Amino acid sequence: MEYWLGIDCGGTFIKAGLYDRDGNECGIVRQNLAIISPQPGWAERDMTVLWQAMSSVIRQLLASHPVPPRHIQGVGISAQGKGLFLLDKQGKPLGNAILSSDQRALSLVKQWQRDGIPQMLYPITRQTLWTGHPVSLLRWLKEHQSSRYDQIGCILMAHDYLRYCLTGHLGCEETNISESNLYPMAEGGYQPALAQLLGIPEVITALPPIVGSAQIVGTITQAAANATGLTVGLPVVGGLFDVVSTALCAGLKDETRLNAVMGTWSVTSGITDQLNADVEYPFVYGRYAEAGKYIVHEASPTSAANLEWFTQQWIGAEGGKADYQELNQWVAQLPKAGSKLLFVPFLYGSNAGLGMCAGFYGMQSFHQRQHLVQAIYEGVVFSHMTHLNRMLKRFPNVSALRITGGPAQSPQWMQMFADISGLPVELPQIEETGCLGASLAAMVGTGRFADFSDAQQALTPQLHTLQPDQHARQAYHDKYLRYQALVAALGTLQ
């Protein structure tokens, strides 16, 4: 028997999944990852602890499933994009990693916007500027932690760092580094002029070689084998940016489907082979796993993590554990769009303006927890609609929306998404798209599949489809207009 190992490193969990040669899941192990917030708006992760967490989930997976490690053919890693994972000149972690949801560079990005820097970058990089971009964080370090900046030996992102821990080989994987604002989208590679424009010319020498998603970058070292239980010499491939991994597993093949991901981030993605020049809105592009294709996506940290926060504060604080089935029942018992209560899901960032914050509006004494949960469900979907409506202008032939992520397990939330968007919602019955996508990269790299198209065609997940409830459509439309008016009013307070 042959198996492949897929690792998924997200905003709140790290997971290890084992898959057979047909992409069937044989086991999953998950472990929570702590976010360190030493100051308001900061989001960090201890790099040594992260490596230990990955080693732990791999050991647990191997212990819980009787698969001899020698039967594993390859390893792939899918991870959250952007952020900053630094090594010093001796190859050791240089402080904590900084995550993509970090907002310490907010004032810097605002200044760049006033100076017109995004307009200069976009035609070359096809990126907007965000506080969690590597370039924003590097410039912030140069200005505020210059001694640390001077010690930078290598610039990585999450799956690059974890791959380095497994193999000892350095590389920046292309689907992720292509969205760093240091990479010209059409030509590829690194462009020193971009670093010069952003005031960080020194970083170019700290960027390792760009590697492909399915490229074998290195093999498991003895030290990594001791830590994980894997076999010395096991191939490890470049891996995938998690939005690419999810789009691949969601079955995106052409411009008739979009993929909405609900997790820490609200993401809407589409696949194309064209870099459109004439657009009203600066859509973010990235290199896709398949040669000659790009992923186009809209994203912000405004999704289901808002519900996680609520349950931790008001349910976990009482010593309980969130019962998501109960939360779904609370929402199901209330009339659709029946409450005037609104929630703006900007706890971790905004897609309406830098620095905007979350909040409930319209709360009265008769409102109960059920109404708050319903408002969170609605607010998250309303926020997703900001991205979806923009993407529908870029992809006008879309006929259905495929949704992945934890909330896809909620019938009430998914029906709400169909009702509000007016699109059929298709739910691929895949539990962990990040782990599966990473394992597919390893399968391609080790020759199980000829390429990613071949791998995608071999996947035949069931699709559960929900049709919009036209009777609820108008009520949700009216409430969405009120949500937009509230967000606009809040924007005047910045």
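The numbering scheme is per chain: residues are counted from 1 as the chain's sequence reads. Reporting of local features is limited, given that this is a predicted model, to residues whose pLDDT is at least 70; pairs of side-chain atoms are given and counted only at 80 or more, and all residues count toward the totals for whole chains, interfaces and linings. Side-chain calculation: all heavy atoms of the structure are included, whereas hydrogens and water are not.

Asker: Give me the lowdown on the overall build of the chain, citing residues and values where you can.
Answerer: By the criteria applied, helices consist of DSSP H or I runs no shorter than four residues and strands consist of E runs no shorter than two, each listed in order from the N terminus. Within the chain, the regular secondary structure consists of 17 helices and 22 strands. With the radius of gyration taken over C-alpha atoms, the globule rule is written as 2.2 Å times the number of residues to the power 0.38. Computed over the C-alpha atoms, the radius of gyration of the chain is 22 Å, within 12% of the 23 Å expected from 2.2 N^0.38 for a compact globule of 494 residues. In terms of overall dimensions, the chain has a C-alpha envelope of 60 × 55 × 50 Å along the principal axes. Relative accessible area decides the class of each residue, using a 1.4 Å probe on protein chains only: under 20% of the type maximum gives buried, over 50% gives exposed, and in between gives partly exposed. Put simply, the chain has 494 residues, and 58% of those count as buried. Note on contacts: a residue pair is in contact if any heavy atoms of the two residues lie within 4.5 Å. When contacts within the chain are restricted to residue pairs at least 6 apart in sequence, those whose partners lie at least 24 apart make up 73%.

Asker: Give a detailed account of the UniProt feature "domain: Carbohydrate kinase FGGY N-terminal" (unreviewed entry) in the chain, specifying residues and quantitative values.
Answerer: According to UniProt, the feature "domain: Carbohydrate kinase FGGY N-terminal" (unreviewed entry) maps to residues 3–249 in the numbering used here. Annotated as residues 3–249, this span is 35% helix and 23% strand, and its ends, taken at the C-alpha atoms, are 18 Å apart. UniProt positions are given in the numbering used here, feature names are shortened, and annotations may be inferred rather than shown by experiment.

Asker: Just give me the short version of the environment of W309, but keep the residues and values in it.
Answerer: Locating W309 in the fold gives a position in helix α11 (residues 305–314). Once residues lying within four places of it in the same chain are set aside, the contact partners of W309 are W314, L347 and Y348.

Asker: So what's going on with unusual backbone geometry? Residues and values would help.
Answerer: The phi angle at K82 is positive, at roughly 60 degrees, despite the residue not being glycine. In this structure, N181 is a non-glycine residue whose phi angle is positive, near 70 degrees. For N181, the position within the fold is in the loop between α7 (174–177) and α8 (192–197). The exposure class assigned to N181 is buried, which follows from its relative accessible area of 0%.

Asker: So, the pattern of salt bridges: which residues are in play, and what are the values?
Answerer: Salt bridges are counted wherever a side-chain nitrogen of Lys or Arg sits within 4 Å of a carboxyl oxygen of Asp or Glu. What the rule picks out here adds up to 19 salt bridges. Put simply, R104 and E44 hold a salt bridge, and the shortest N to O gap is 2.8 Å. Taken as a pair, R104 in the loop between β7 (97–98) and α2 (106–114) and E44 in strand β4 (residues 44–45) lie far apart in primary sequence, 60 residues in all. Just as R104 is buried, E44 falls in that class too. Residues R394 and E255 are paired through a salt bridge, measuring 3.9 Å at the closest nitrogen-oxygen approach. With R394 in helix α13 (residues 369–394) and E255 in the loop between α10 (242–249) and β14 (257–262), this pair connects stretches of sequence that are 139 residues apart. Exposure remark for R394: the relative accessible area of 7% places this residue in the buried category. When its relative accessible area of 26% is taken as the criterion, E255 is described as partly exposed.

Asker: Before we move on, could you go through the pairing of strand β1 (residues 3–9) and cite the residues and values that matter?
Answerer: Of all 7 residues in β1, 7 are buried; the element is thus mostly enclosed. Burial along β1 is two-sided: the residues Y3, L5, I7 and C9 and W4, G6 and D8 are all buried. For two strands to be treated as a pair, DSSP must find at least two bridges joining them. Sheet topology note: the β1/strand β5 (residues 72–79) ladder contains 7 bridges and is parallel. Paired with Y3 across the two strands is I72, which belongs to β5. Two strands pair when backbone bridges link them, and β1 and strand β2 (residues 13–20) are joined in this way by 7 bridges, in the antiparallel orientation. Paired with W4 across the two strands is Y19, which belongs to β2. Linking two consecutive strands that pair antiparallel, namely β1 and β2, is a turn of 3 residues.

Asker: Residue-level account of the environment of S266, with values.
Answerer: If you trace the backbone, S266 turns up in strand β15 (residues 266–272). Taking the C-alpha atoms as reference points, S266 and T386, 120 residues apart in sequence, are found 9.9 Å from one another. In contact with S266, other than residues within four places in its own chain, are V261, E298, A299, S300, T302, S303, H384 and H387. Two N or O atoms count as a polar contact when they lie within 3.5 Å, although within protein this holds only if one can serve as hydrogen donor and the other as acceptor, and sequence-adjacent residues are included solely when both atoms are side-chain atoms. A polar contact is formed between the side chain of S266 and the side chain of H384, at a distance of 3.2 Å.

Asker: Give a detailed account of the nonpolar core, specifying residues and quantitative values.
Answerer: Soluble, globular proteins show a tendency: their nonpolar side chains are buried together. I14, Y161 and W413 are the most contacted members of the largest nonpolar core, which totals 100 residues. In terms of residues, this core owes the most to one element, α13, which gives 11 residues. Dropping the residues within four chain positions of it, Y161 is found in contact with M47, T48, L50, W51, F85, L87, P93 and L156. Buried Ala, Val, Leu, Ile, Met, Phe, Trp, Tyr and Cys residues that are joined via side-chain atoms within 4.5 Å together make up what is termed a nonpolar core. Judged by nonpolar contacts, the second largest core, of 34 residues, contains I28, A247, V261 and L436.

Asker: Go over the environment of G171, please, and point to the residues and values.
Answerer: You can see G171 is positioned in the loop between α6 (158–167) and β9 (172–173). Remark: the alpha-carbon pair of G171 and S269, spanning 98 residues in sequence, is separated by 25 Å. For G171, the contacting residues outside a window of four places in its chain are L156, D160, R163, P208, P209 and V211.

Asker: How would you sum up the sheet that holds strand β20 (residues 400–405)? Please name residues and give values.
Answerer: One open sheet holds the 7 strands; their spatial order is β16-β17-β15-β14-β20-β21-β22, and the pairing between them is mixed. Looking at the sheet topology across the chains shown, the edges are occupied by β16 (284–287) and β22 (463–466). The average angle at which neighbouring strand axes cross in this sheet is 30 degrees, direction not considered. Here β16 runs beside strand β17 (residues 294–300); their pairing, made up of 4 bridges, is antiparallel. The residue bridging Y285 from the neighbouring strand is V296, located in β17. Axes, fitted as lines to C-alpha atoms, cover a helix only where it is in contact. Angles between the N-to-C directions of the axes lie from 0 to 180 degrees.

Asker: Tell me about α13, and name the residues and values.
Answerer: With 26 residues, α13 ought to run about 38 Å at 1.5 Å a step, and its terminal C-alpha atoms sit 38 Å apart, in line with that. T386 marks the point of greatest bend in α13, at about 25 degrees. By the criterion of burial, α13 is predominantly enclosed, with 20 of the 26 residues buried. To estimate how far a helix should extend, the number of its residues minus one is multiplied by 1.5 Å. The angle between axes fitted to the seven residues ending at a residue and the seven residues starting there is what we call the bend at that residue.

Asker: So what's going on with the side chain of T302? Which residues, and what values?
Answerer: Relative to the helices and strands, T302 resides in the loop between β17 and α11. At a separation of 2.8 Å, a polar atom in the side chain of T302 contacts the side chain of S300. One polar contact links T302 to S383, side chain to side chain, over a distance of 2.9 Å. Residues within four places of T302 in sequence aside, it is in contact with T264, S266, P345, F346, G349, S350, N351, V380 and S383.

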